[in-house]
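# Architecture and fold: a report
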Amino acid sequence: MRKLSHIKRIRLHNEGKYTLLYTGLSLALLNAALFFLLRDLTLFPFYVVLAISLVVYGIIINFFRCPIRRFAEATENTVVASADGRVVVVEETEENEYFHDRRIMVSIFMSLWNVHANWFPVDGIIKKVEHHNGNFYKAWLPKSSTENERSTIVIETPDGQDILVRQIAGAVARRIVTYARPEEECYIDEHLGFIKFGSRVDIYLPLNAEILIQPGQTTVGNQTIIARLQPNE
C-alpha cells in the first residue's frame, strides 16, 4: 500500500498543444486582417470580434487544463473516479462485451467545462484494450454506452478482480485518446487517456462492490472514491 501527498497544480494537457497553436494563429490572423480593413473606418466590429475571439480561446484553454493530482489514501481495493464530471448512472446492468454477466455500472458525464483527462480507477495489470467505431449520440443517453465510438480497457487488480473502463465519445467529441496498453502495469494517479470536447466514462464493477456515490453527485478525477472492492476470499 502507498500513501502520497495531495498536490494540486494546473498545467495544459499535451493533447491540446496543436489545437491551441492552430486556433491561436487562426484567430490572430482573423483579427489582424479585420483591424487593417477597418482602421480607416470604424474599429467597433474589430473590438467585437476580438472580444469573441478571446472568449473562445479562453474556453479552449479551460478545456485542455490538466491538474496534477495525487491520491492521498491507500489504494488497495479502492476505486476512484476516472474523470471530473457528474454521475449520471449507478445501476446493475448486463455487460455483454467482455464479462457477459451482470455488473454495477457507474457512468460519469463530462461537460464542456470539465477537465477531460481520464485517470486509471484502480491499480493493476491491463488485460485488454480495444477501440470500437460507432455513432456520436449525446453522451448522457443510455445507448451511447454501447452504440457510440468508444474504447474499452480491462484492468486486473492485485487482488485478481477485473474492472472495465469504457471511454465514450459524445455528440461533440470526435477523438478518444487511450494511453493504456495490454500487459502493462497501471496505477491510480496515472492518466488512462483523454477525450476531446464532451464525453462520458463508464466503469463496470463487481456486484458485491460497496458503491460510495449516487446519481447527480459530482466527481473529481483521481480524487473521488466511487467504490470499495470486497477482498477475494
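If you're wondering where the values come from, they're calculated on a predicted model, not measured in any experiment.

## Concerning unusual backbone geometry
Residues other than glycine seldom take positive phi values, yet Glu-183 does so here, at roughly 75 degrees. Tracing the sequence through the fold places Glu-183 in the loop between β10 (176-178) and β11 (185-186). Under the relative-accessibility criterion, Glu-183 is labelled exposed at 63%. The backbone of Asp-189 sits at a positive phi, close to 95 degrees, despite the residue not being glycine. With respect to the element layout, Asp-189 can be found in the loop between β11 and β12 (191-195).

## Some remarks on the environment of Glu-92
As for its position among the elements, Glu-92 is in strand β4 (residues 85-95). Glu-92 sits 112 residues away from Tyr-204 along the chain, and the two C-alpha atoms are 9.2 Å apart. Leave out the neighbours within four places in its chain, and Glu-92 touches Arg-102, Arg-103, Ile-104 and Leu-207. At a separation of 2.8 Å, a polar atom in the side chain of Glu-92 contacts the side chain of Arg-102.

## Quick look at the side chain of Asp-202
Relative to the helices and strands, Asp-202 resides in strand β13 (residues 199-205). Among the polar contacts listed, one links the side chain of Asp-202 to the side chain of Ser-107, at a separation of 2.6 Å. Here the side chain of Asp-202 touches Arg-200 through a polar contact of 2.9 Å, side chain to side chain.

## Description of the UniProt feature "modified residue: Pyruvic acid (Ser)" (unreviewed entry) in the protein chain
The feature "modified residue: Pyruvic acid (Ser)" (unreviewed entry), as annotated in UniProt, sits at Ser-199 in this numbering. Here Ser-199 shows up in strand β13.

## Re the nonpolar core
One finds Val-79, Phe-120, Ile-155, Val-201, Ile-203, Leu-205 and Ile-226 to be the most contacted residues of the largest nonpolar core, which totals 28 residues. Those elements that provide at least two residues to this core are β5 (101-110), β8 (150-156), β9 (162-169), β12, β13 and β16 (225-228). Once you skip the residues sitting within four places of it in the chain, Phe-120 turns out to touch Val-80, Ser-82, Ile-126, Ile-155, Ala-180, Cys-186, Tyr-187, Ile-188, Glu-190, His-191 and Leu-192. With 10 residues, the next largest nonpolar core counts Phe-64, Cys-66, Ala-117 and Phe-194 among its residues.

## Things to note about the packing of aromatic side chains
Across all of its chains, the model carries four aromatic pairs by this definition. Summarising the aromatic geometry, the rings of Phe-35 and Phe-36 are spaced 5.6 Å apart at their centres and angled 80 degrees between planes, so their arrangement reads as edge-to-face. When the ring of Phe-35 is compared with that of Phe-46, the centres are 5.4 Å apart and the planes differ by 65 degrees; the resulting orientation is edge-to-face. One end of the pair, Phe-35, is in helix α1 (residues 17-38); the other, Phe-46, is in helix α2 (residues 44-63), and 11 residues separate them in sequence. By relative accessible area, Phe-35 is classed as partly exposed at 31%. Classification of Phe-46 as buried rests on a relative accessible area of 11%. Sitting above the plane of the Phe-99 ring, Arg-103 keeps its charged end 3.8 Å from the centroid.

## Focus on the environment of Arg-102
Relative to the assigned elements, Arg-102 resides in strand β5. Sequence spacing of Arg-102 and Leu-205 is 103 residues, and the spatial spacing of their C-alpha atoms is 9.3 Å. A polar contact is formed between the side chain of Arg-102 and the side chain of Glu-94, at a distance of 3.3 Å.

## Considerations on the pattern of salt bridges
Under the definition given, this model contains 11 salt bridges. A salt bridge links Glu-94 to Arg-102; its shortest N-O distance comes to 3.3 Å. Given a relative accessible area of 36%, Glu-94 falls into the partly exposed group. Using a relative accessible area of 37% as the deciding quantity, one classes Arg-102 as partly exposed. Glu-95 is the salt-bridge partner of Arg-166, the closest N and O atoms lying 3.0 Å from each other. On the criterion of sequence distance, the pair formed by Arg-166 in strand β9 and Glu-95 in strand β4 is long-range, its members being 71 residues apart.

Rules used in this analysis
Residues numbered from 1 in each chain as written. Predicted model: local features only at pLDDT ≥ 70, side-chain atom pairs only at ≥ 80, totals over all residues. Heavy atoms only, no water. Helix = DSSP H or I, 4+ residues; strand = E, 2+ residues; numbered from the N terminus. Buried < 20%, exposed > 50% of the residue type's maximum accessible area, 1.4 Å probe, protein only. Contact = heavy atoms within 4.5 Å. Polar contact = N/O pair within 3.5 Å; in protein donor to acceptor, adjacent residues only side chain to side chain. UniProt positions renumbered as here; feature names shortened; annotations may be inferred. Core = buried A, V, L, I, M, F, W, Y, C linked by side-chain atoms within 4.5 Å. Phe/Tyr/Trp six-rings, centres within 6.5 Å; stacked < 30°, edge-to-face > 60°. Lys NZ or Arg CZ within 6 Å of the ring centre and 35° of its normal. Salt bridge = Lys/Arg side-chain N within 4 Å of Asp/Glu carboxyl O.

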